[in-house]
Amino acid sequence: MFREADTAVRLSEYQPYDWLVDTVDLDFQLEPAATRVRATLAMRPNPKGRNQSPIVLDGDELALVSLRLDGRVLSATEYEASASSLTIKNPPQGKLTLEIETVINPSANTKLMGLFRSNKIYCTQCEAEGFRRITYFPDRPDVLSVYTVRIEADRDEAPFLLSNGNPVEAFGIPGSNRHYAIWHDPHPKPAYLFALVGGKLDYIEEPFKTVSGRKVMLRIFVDPDKTQLAHYAMDALKRSMRWDEKVFGCEYDLDVFHIVAVSDFNMGAMENKGLNIFNDKYVLASPETATDLDYENIEAIIAHEYFHNWTGNRITCRDWFQLCLKEGLTVFRDQEFSSDERSRPVERIGDVRRLKSFQFVEDAGPLAHPVRPETYREINNFYTVTVYEKGAEVVRMLKTLLGERGFRKGMDLYFKRHDGDAATIEDFLKCFADANKQDLSQFARWYSQAGTPELAVRGTHDAKARTYTLDIEQMVPPTPGQSAKQPMVIPLKLGLLDAKGRDIPLKDAKGNPVRDNLIVLDKPSQTFVFSGVKEKPAVSINRGFSAPVKISTNFGAANLLFLAKYDSDPFNRYDAVEQLAMQQLVASARGSNEPPAALIEALDNALDNSKLDDAFLAQLFSLPDESDIAQQIGKNIDPDAILVARRKIKHDIGMALKEKLVARYQKLTSHRRYSPDAKSAGQRALRNACLDLLAATGDTAEHKRAFTQFEHADNMTDRMAALAVLAQYAIPERETALAAFEQRYRNDPLVLDKWFAVQARIPESGTLDRVEALTKHPAFSMTNPNRMRSLIGVFAANPSQFNRADGKGYALIADTVLGLDSKNPQVAARLLSAFKSWRTLEPGRRALAEKELNRIAQTPGLSPDVADIVSRSFA
Ligand code: BES
Ligand code: ZN
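Residues numbered from 1 in each chain as written. Chains lettered and ligands numbered in written order. Predicted model: local features only at pLDDT ≥ 70, side-chain atom pairs only at ≥ 80, totals over all residues. Heavy atoms only, no water.

Quick look at the overall build of the protein chain
Phase 1 of the analysis: The number of helices and strands found in the protein chain is 26 helices and 32 strands.
Phase 2 of the analysis: Against the globule reference of 29 Å for 875 residues, the protein chain gives a C-alpha radius of gyration of 28 Å, in line with a compact fold.
Phase 3 of the analysis: Roughly 34200 Å² of accessible area belongs to the protein chain as shown, and the carbon and sulfur atoms make up 52% of that amount. (Helix = DSSP H or I, 4+ residues; strand = E, 2+ residues; numbered from the N terminus. Rg over C-alpha atoms; globule rule 2.2 N^0.38 Å. Areas by Shrake-Rupley, 256 points an atom, 1.4 Å probe, with all protein chains shown as cover.)

Put into structure tokens, the structure is as follows:
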């Protein structure tokens, strides 16, 4: 379907496609600059579509070579072809076969959508609308077909030829140096799940037996000589498959499962049926080259893409408005997997930190949109933290409301009822409603109303009546296009603590126990009375972050200190410390010189508490970052003041807790061989958090400590952590360490990305020049998304330097966006979204940011991707 760059697509205008495509046969003749694609589509009118309709197929930068209908070459009057669409004007209204031939140039494809080449490897990316860059097709997720794919290529150039589904046959072609392979995928799928790979690859393989005894061969394909780096990913894959069988009853459904790692990829990874394609950053790992965070991400992303096999592939989306149906749900599933494989509380803390740091910011700015948007101009711009992370929170709330068993009943019904469907959020919710005999219509507002709900909570204790009363008001702030909001269903887990820090059993006004310590808000203002509360309790509210909301209370600072010490809920215990830190940081940024006594006391207590594990402590000891503080301040932001304030508080903590931090650092110094497991990673995380605070004292001995760690580290986590500490200070060791790092890893692009990033993050005015100089580094490339994000993307997220008072940070990003737009609009648009909080800046910076946004907006020939973000940025 052709659409003008400035025409919006609307959910309310959804119409089924007029035709069904039962089977698709694709024949690829792979050539670097001229790949020929022959597509044979077996079609028939859709009984649910309109009668007598033409066949309208999507295209993008395509050139039609030939076209036949039922074997007959069509005359020029019978069809209309352009680069972006192909229309068969009067097709017979019955079964028919279309044969379409196109020639495409994978080598010239810098958008990395459709068929492109990465390091000489042919590969595809079709989600969301990339298939139309390969052949003319109804490129929409509700058209499901069975695919058979024949790939022919030069034997030396592409010894491996892969596509979706099961291998059928593979042969050499006698008398030539070409060979071919045929693949068949029996599961009907939308075009966005199509994939093809061809190239020189190495692989590792391991057999897997599913719970019902089906034998599957798992393979991970990587660049030649990189197989040693794929073993952790293979291990994560096997664990994901087992977990999905056990926790969701989902079994794998093909004879092979293939993963291919490529080095030029717009996103993290893609769940193509039976042939996942990954950014190599999320596959390749060794202790020497990958950090604990890399390992954690690899595990989570391998799981995520694998889990899509059921939530995304077997059940796909009716249209792209339903993106959260697969993404939000699958993020929820990968978060649960990581919780089970690692530490549940620490996983929750990390997930909520990400949600608050990124999604709350998006929800509060001009790019705010509902979890299920109702209109879009460019779908690529809706793969957002709101769709993903808030989408996962909504599923988590469903589970909280329905309980473990009720949730599983709903999921079971969803898999049973919708297997093979292209479904909607309504379909999904109805399964939970039906399975639990519940009305979820008000809950559904989580999908349609944007903005983070705000709760105002007042607690009062009545000693005589022995009651504790919570008065709660909820408000959802206005967001672009949505001024008035309806009340939401908000599940709040809570606890009341007695003077000894023990949970008081929660009873309602009538003395009945409160199930799961859960109260559910559904009105603008509500009162909850708890009985049997003798003394004034401490209050722990929204335990486990049961709802993604902002809360203000009248509980006071003493309540926070108490929770930090005693709360039985680990998340809220962490959050109490976080809130204490935030109060001090905000006060300091506003000019207060008050030492952070309460925060230091809470951290000191935590260090003395032998029951808290290292990974948890590491979270407590990593303060909210500069952008979190900015978000809290909310308006007229001066990023320099925030930087200074944060440094000062870190300095104060380092000074106050110096002995204990040194002792802990030394105690955690391990001489065992590196292992990426969660416990060892937690030890390193805490040790490196200690190092960071110690270095903040400004003591040269502590800078030396960091340098020594850098020099002697036997793994990338510790080496990188030390380098990140050194990078914060303008000391000679910083440059020595940076030079040594470059020397050591100059031939490893994924590791050099860390080197680019650590420099782009330096909070000093010299960073702008440094970043510009690094764009000339031989390893840098503007068109490789990983390089781009590591240097320019990280700079755009450097609060004090992107927001330089002279506006040069904004200019650099604007120039980069404009320079990149014609080559890779998707990555350019994502970079541009760095401006999303521009209105919250102090007037001087705000004006400079606006000037750059205007400069972009006025540039002719913008891609739809960039045009969409820039125009919405003014909302
Ligand atoms: N389906 C997406 C990949 C994708 C994203 C394709 C955007 C086209 C446009 C995939 O399942 C995904 O969500 N990948 C994430 C990583 C995941 C762990 C959240 C990504 O690529 O960032
Ligand atoms: Zn996904």
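Brief notes about the state of the cysteines
Note on terminology: disulfide describes a covalent bond linking the sulfur atoms of two cysteines.
Phase 1 of the analysis: Per the counting criterion, the structure on display carries 0 disulfides.
Phase 2 of the analysis: Unpaired in this structure, Cys250 has its nearest cysteine sulfur neighbour in Cys431, at a distance of 13 Å.
Phase 3 of the analysis: Taking the relative accessible area as the measure of exposure, Cys250 reaches 2% and is therefore buried.
Phase 4 of the analysis: With no disulfide partner, Cys324 has as its closest neighbouring cysteine sulfur the one in Cys317, 7.8 Å distant.
Phase 5 of the analysis: The class for Cys324 is buried, based on a relative accessible area of 4%. (Disulfide = S-S within 2.5 Å. Buried < 20%, exposed > 50% of the residue type's maximum accessible area, 1.4 Å probe, protein only.)

Observations concerning the coordination of the zinc ion (ligand 2)
Phase 1 of the analysis: Around the zinc ion (ligand 2), the protein contributes the donor atoms His304 (NE2), His308 (NE2), Glu327 (OE) and Glu327 (OE), at 1.9 to 2.7 Å from the metal centre.
Phase 2 of the analysis: One can describe the donor arrangement at the zinc ion (ligand 2) as irregular, given that its 6 donor atoms subtend angles of 53 to 162° at the metal.
Phase 3 of the analysis: For the zinc ion (ligand 2), the single-chain donor residues occur in sequence as H-x3-H-x18-E. (Donors = N, O, S within 2.8 Å, 3.2 Å for Na, K, Ca; no water. Tetrahedral: all angles 85-135°; square planar, octahedral: opposite > 155°, others 65-115°.)

Let's talk about helix 6 (residues 425-436)
The α-helix winds at 3.6 residues per turn, so residues separated by three or four positions along the chain end up facing the same way.
Phase 1 of the analysis: For helix 6, built from 12 residues, the straight-helix expectation of 16 Å at 1.5 Å per residue is met to within 8% by its first-to-last C-alpha distance of 17 Å.
Phase 2 of the analysis: Tucked inside the fold, the buried residues of helix 6 contact helix 3 (323-341), helix 5 (385-418) and helix 7 (445-448).
Phase 3 of the analysis: Just downstream of helix 6, Lys437 is the residue with a positive phi angle, here 50°. (Expected span 1.5 Å × (residues − 1). Contact = heavy atoms within 4.5 Å.)

Regarding the sheet that holds strand 19 (residues 256-262)
Phase 1 of the analysis: With respect to topology, 5 strands assemble into an open sheet ordered 17-18-19-21-20, the strand pairing being mixed. With one partner strand each, in any of the chains shown, strand 17 (202-209) and strand 20 (269-270) form the two edges of the open sheet.
Phase 2 of the analysis: Where strand 18 (residues 215-222) and strand 19 come together, 5 bridges link them in parallel fashion. Along strand 19, the bridge assignment pairs Arg219 with His258.
Phase 3 of the analysis: Contacts from helix 1 (residues 231-248) reach strand 17, strand 18 and strand 19 within the one sheet, and its direction differs from that of strand 17 by about 25°. (Pairing = 2+ DSSP bridges. Axes fitted to C-alpha atoms, helices over the stretch in contact; angles between N-to-C directions.)

Some remarks on the packing of helix 23 (residues 808-821) against helix 25 (residues 843-857)
Phase 1 of the analysis: Running from N to C, helix 23 and helix 25 cross one another at 15°; their axes reach a closest spacing of 10 Å. Our classification of the angle between helix 23 and helix 25 gives roughly parallel. Between helix 23 and helix 25 the crossing geometry is right-handed. Within the contact between the two elements, helix 23 uses Tyr810, Ala811, Ala814, Asp815, Val817 and Leu818 and helix 25 uses Arg845, Leu848, Ala849, Glu852, Arg855 and Ile856.
Phase 2 of the analysis: A class-by-class count of the residues in the contact of helix 23 with helix 25 yields 8 nonpolar, no polar and 4 charged. (Parallel < 35°, antiparallel > 145°, perpendicular 65-115°, else oblique. Left-handed = near helix turned anticlockwise from the far one by under 90°. Nonpolar A, V, L, I, M, F, W, Y, C, P; charged D, E, K, R; others polar.)

With respect to the pattern of salt bridges
Phase 1 of the analysis: The full count for this structure, using the stated rule, is 79 salt bridges.
Phase 2 of the analysis: Ionic pairing is found between Arg396 and Glu336, a salt bridge with its closest N-O pair at 3.0 Å. With a gap of 60 residues between them, Arg396 in helix 5 and Glu336 in helix 3 connect regions that are remote in the sequence.
Phase 3 of the analysis: One salt bridge connects Arg705 with Glu702, and the closest N-O pair in it is separated by 2.6 Å. Of this pair, Arg705 and Glu702 both sit in helix 16 (residues 700-712), 3 residues apart, roughly one helical turn. One exposure class covers both Arg705 and Glu702, and it is buried.
Phase 4 of the analysis: Through salt bridges with shared partners, a single ionic network connects Glu336, Asp340, Arg344, Arg396, Lys399 and Glu404. (Salt bridge = Lys/Arg side-chain N within 4 Å of Asp/Glu carboxyl O.)

A word on the sheet that holds strand 15 (residues 178-189)
Phase 1 of the analysis: Spatially, 8 strands are ordered 6-5-9-3-2-12-15-14 in an open sheet, and the strand pairing comes out mixed. In this open sheet, the two edge strands, each paired with only one partner strand, are strand 6 (72-73) and strand 14 (166-172).
Phase 2 of the analysis: Pairing of strand 12 (residues 145-154) with strand 15, which is carried by 9 bridges, proceeds in the antiparallel orientation. Paired with Asp154 across the bridge in strand 15 is Arg178.

Section: the environment of Ala727
Phase 1 of the analysis: Inspection of the secondary structure assignment puts Ala727 in helix 17 (residues 716-727).
Phase 2 of the analysis: Along the sequence, Ala727 and Arg855 sit 128 residues apart, while their C-alpha atoms lie 33 Å from each other.

Observations concerning helix 17
Phase 1 of the analysis: When the terminal C-alpha atoms of helix 17 are compared, their 16 Å separation across 12 residues agrees well with the 16 Å that a helix rising 1.5 Å per residue should span.
Phase 2 of the analysis: A large share of helix 17 lies buried, amounting to 11 of its 12 residues.
Phase 3 of the analysis: The elements touched by buried residues of helix 17 are helix 2 (292-307), helix 15 (678-695), helix 16, helix 18 (732-745) and helix 19 (749-760).
Phase 4 of the analysis: Residue Asn715 occupies the N-cap position of helix 17, its side-chain oxygen lying 3.1 Å from the main-chain nitrogen of Thr717. (Polar contact = N/O pair within 3.5 Å; in protein donor to acceptor, adjacent residues only side chain to side chain.)

Observations regarding the nonpolar core
Phase 1 of the analysis: Counting residues in each nonpolar core, the largest one holds 168 residues, and the members touching the most others are Phe28, Leu98, Phe194, Val283, Phe428, Phe443 and Phe530.
Phase 2 of the analysis: Phe28 has contacts with Thr35, Arg36, Val37, Ile134, Val149, Arg150, Ile151, Glu152, Phe194 and Leu196, leaving out every residue within four places of it along the chain.
Phase 3 of the analysis: Counting 114 residues, the second largest nonpolar core, distinct from the first, contains Phe360, Tyr574, Val662 and Leu862. (Core = buried A, V, L, I, M, F, W, Y, C linked by side-chain atoms within 4.5 Å.)

Focus on the site of ligand 1
Phase 1 of the analysis: Within the structure, ligand 1 sits among 15 residues, and Glu127, Gly268, Glu271, Glu305 and Tyr388 are positioned closest to it.
Phase 2 of the analysis: Between His304 and ligand 1, the recorded distance is 3.2 Å, taken from a side-chain N or O atom to an oxygen atom.
Phase 3 of the analysis: Contact with the protein chains removes 88% of the 510 Å² of surface that ligand 1 exposes when unbound.
Phase 4 of the analysis: Breaking the shell around ligand 1 down by element, the ones donating at least two residues are strand 20, helix 2 and helix 3.
Phase 5 of the analysis: Broken down by element, the residue count for the shell around ligand 1 peaks at 3 residues, all from helix 2.
Phase 6 of the analysis: Along the lines of polarity and charge, the residues of the shell around ligand 1 split into 6 nonpolar, 4 polar and 5 charged. (Near = heavy atom within 4 Å.)

Comments concerning the packing of aromatic side chains
Phase 1 of the analysis: Under the defined criterion, the tally for this structure stands at 41 aromatic pairs.
Phase 2 of the analysis: Ring geometry for Phe802 against Phe835: centres 5.2 Å apart, planes inclined by 75°, an arrangement best described as edge-to-face. Residue Phe802 is located in helix 22 (residues 799-802), and its partner Phe835 is located in the loop between helix 24 (825-832) and helix 25; the two are separated by 33 residues in the primary sequence.
Phase 3 of the analysis: For the cation-ring pair, Arg333 lies above Phe248, with the distance from its terminal atom to the ring centre recorded as 4.7 Å.
Phase 4 of the analysis: For Arg705, the ring lying beneath its charged end belongs to Tyr665, and the centroid distance is 5.2 Å. (Phe/Tyr/Trp six-rings, centres within 6.5 Å; stacked < 30°, edge-to-face > 60°. Lys NZ or Arg CZ within 6 Å of the ring centre and 35° of its normal.)

Thoughts on the pairing of strand 12
Phase 1 of the analysis: The buried fraction of strand 12 amounts to 8 of the 10 residues, a majority that puts the element mostly inside the structure.
Phase 2 of the analysis: Here strand 2 (residues 19-29) runs beside strand 12; their pairing, made up of 7 bridges, is parallel. Considered in strand 12, the bridge of Leu26 is made with Val149.

A closer look at unusual backbone geometry
Phase 1 of the analysis: The peptide bond linking Glu127 to Ala128 adopts the cis configuration, its omega dihedral lying at -5°.
Phase 2 of the analysis: Secondary-structure assignment places Ala128 in the loop between strand 11 (121-125) and strand 12.
Phase 3 of the analysis: Despite not being glycine, Asn542 shows a phi value in the positive range, around 55°.
Phase 4 of the analysis: With respect to the helices and strands, Asn542 occurs in the loop between strand 31 (538-541) and strand 32 (550-553).
Phase 5 of the analysis: With a phi close to 50°, Asn636 is a non-glycine residue in the positive phi region.
Phase 6 of the analysis: As for its position among the elements, Asn636 is in the loop between helix 12 (626-633) and helix 13 (639-656).

Honestly, it's all geometry; don't read function into it.
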